[in-house]
Amino acid sequence: MLPCINWLQPLLALISSTLLTQSQNCPPSCLCPDPHTVDCTGLGLTTVPDSIPLNVRRLLLSNNGILWIPSDFLVLYSDLVYLDMRNNSLSQLEPGTLSTSSRLVFLDLGSNNLTEIPSGTFGESKSLIKLRLGSNPYLSLVGSDAFMGLTSLRELDMEKNGLTVLDVQALEPLSSLRVLRLEGNPWFCSCHFASLFVWLTENQNKLSTGLRGIECSLPDGGGRIPLSLLSEDSFRECRGILTLTDYLIVIFSGICVSVTAIVASFFLASTVHCFQRLSKGGKGDEEEGKD
Ligand SMILES: *[C@@H]1O[C@H](CO)[C@@H](O)[C@H](O)[C@H]1NC(C)=O
Ligand SMILES: *[C@@H]1O[C@H](CO)[C@@H](O)[C@H](O)[C@H]1NC(C)=O
């Protein structure tokens, strides 16, 4: 009797686990090799499939034409650890979509059509270790607080994007960063690049290609040169000019605002005055005035 039970137990376990897996209904045409993995790679999808099991941990959606991520996606799939959306047609990330992903460790949004990573995009993604944003050729804007909260992030890929400049403040919160890919962007070494250059020089051990692999074009219209040929001295004259320019802009815009305010109130006062006179003068006068 006893040996028989011993033999039955694994069999029952196998049957029940098979039944469980089947009852989880894998999305059509996708593969579900284990209870926590859903693989819908290369199926020509344009939207995220809606019958994904809620307890999915690894979701592979690369090589499709998916246009957007629903804003409640990571609220729904809160166990998600690994999300691969490489080579899709994402053009923007709706605010808040990725800010609830507290378990997400790996996120690949490379080879899409993203144009901007707004501030606060990743909110509380404290577990995120690898973030791939490379090969988004129109990605030219990264908010100064875009990577806020990514305190575990070790690898950030932003190669082959359309970046000409990057606010160095965006990189400051990444206290665990080990690898940064920035090569293949149309970097522009104007004065706006100066503070990023200082940061890159101090953190060049994190650059996958070193300073040598990152090229920028110079304001004088010359060709592209590797950052390793520049030094902080190259940006020296920026400091004075930049602060003076900023200073002048502040003063000038202050004057502009005041002048506009004075002109506007003068105009308003005379309009009111005019109307008062017109209404005293009667309607006939008003119509003649219009002619
Ligand atoms: C990207 O996905 C398309 C299908 O949408 C596929 O034909 C192409 O080979 C993929 N590219 C890469 C580099 O995997
Ligand atoms: C990618 O975005 C650019 C600019 O936003 C647009 O002109 C282009 O048509 C988009 N390409 C695809 C494949 O969606």
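These figures come from a predicted structure and were not determined experimentally.

The rules behind these values
Residues numbered from 1 in each chain as written. Chains lettered and ligands numbered in written order. Predicted model: local features only at pLDDT ≥ 70, side-chain atom pairs only at ≥ 80, totals over all residues. Heavy atoms only, no water. Disulfide = S-S within 2.5 Å. Helix = DSSP H or I, 4+ residues; strand = E, 2+ residues; numbered from the N terminus. Buried < 20%, exposed > 50% of the residue type's maximum accessible area, 1.4 Å probe, protein only. Salt bridge = Lys/Arg side-chain N within 4 Å of Asp/Glu carboxyl O.

Novice: How should the state of the cysteines be read in this particular structure?
Specialist: By definition, a disulfide is the covalent link that joins the sulfur atoms of two cysteine residues. What the rule picks out here adds up to 4 disulfides. One disulfide in the model links Cys30 with Cys40; its S-S distance is 2.2 Å. The disulfide joining Cys30 to Cys40 has a torsion of about 110° about its S-S bond and is therefore right-handed. With Cys30 in the loop between helix 1 (2-23) and strand 1 (37-39) and Cys40 in the loop between strand 1 and strand 2 (58-60), this residue pair connects regions lying 10 residues apart in the sequence. Residue Cys30 shares its accessibility class with Cys40, and that shared class is buried. Between Cys191 and Cys238 runs a disulfide, and the two sulfur atoms are separated by 2.0 Å. For the disulfide bridge between Cys191 and Cys238, the dihedral angle about the S-S bond is near -85°, and by the sign convention the bridge is left-handed. Taken together, the residues Cys191 in the loop between strand 10 (187-188) and helix 3 (194-202) and Cys238 in helix 4 (residues 236-281) connect sequence positions 47 residues apart. Overall, Cys191 belongs to the partly exposed group, its relative accessible area being 24%. The connectivity of the disulfides in the protein is 1-3, 2-4, 5-7, 6-8, where the numbers refer to bonded cysteines in sequence order.

Novice: In this structure, what is going on with the pattern of salt bridges? I would like to understand it.
Specialist: Two side chains bearing opposite charge may form a pair once their charged atoms approach each other closely. Counting across every chain of the model gives 9 salt bridges. The partner of Arg236 in a salt bridge is Asp233, and the shortest N-O contact between them spans 3.1 Å. Three or more residues joined by partner-sharing salt bridges are found here, namely Lys130, Arg132, Glu155, Asp157 and Arg181.

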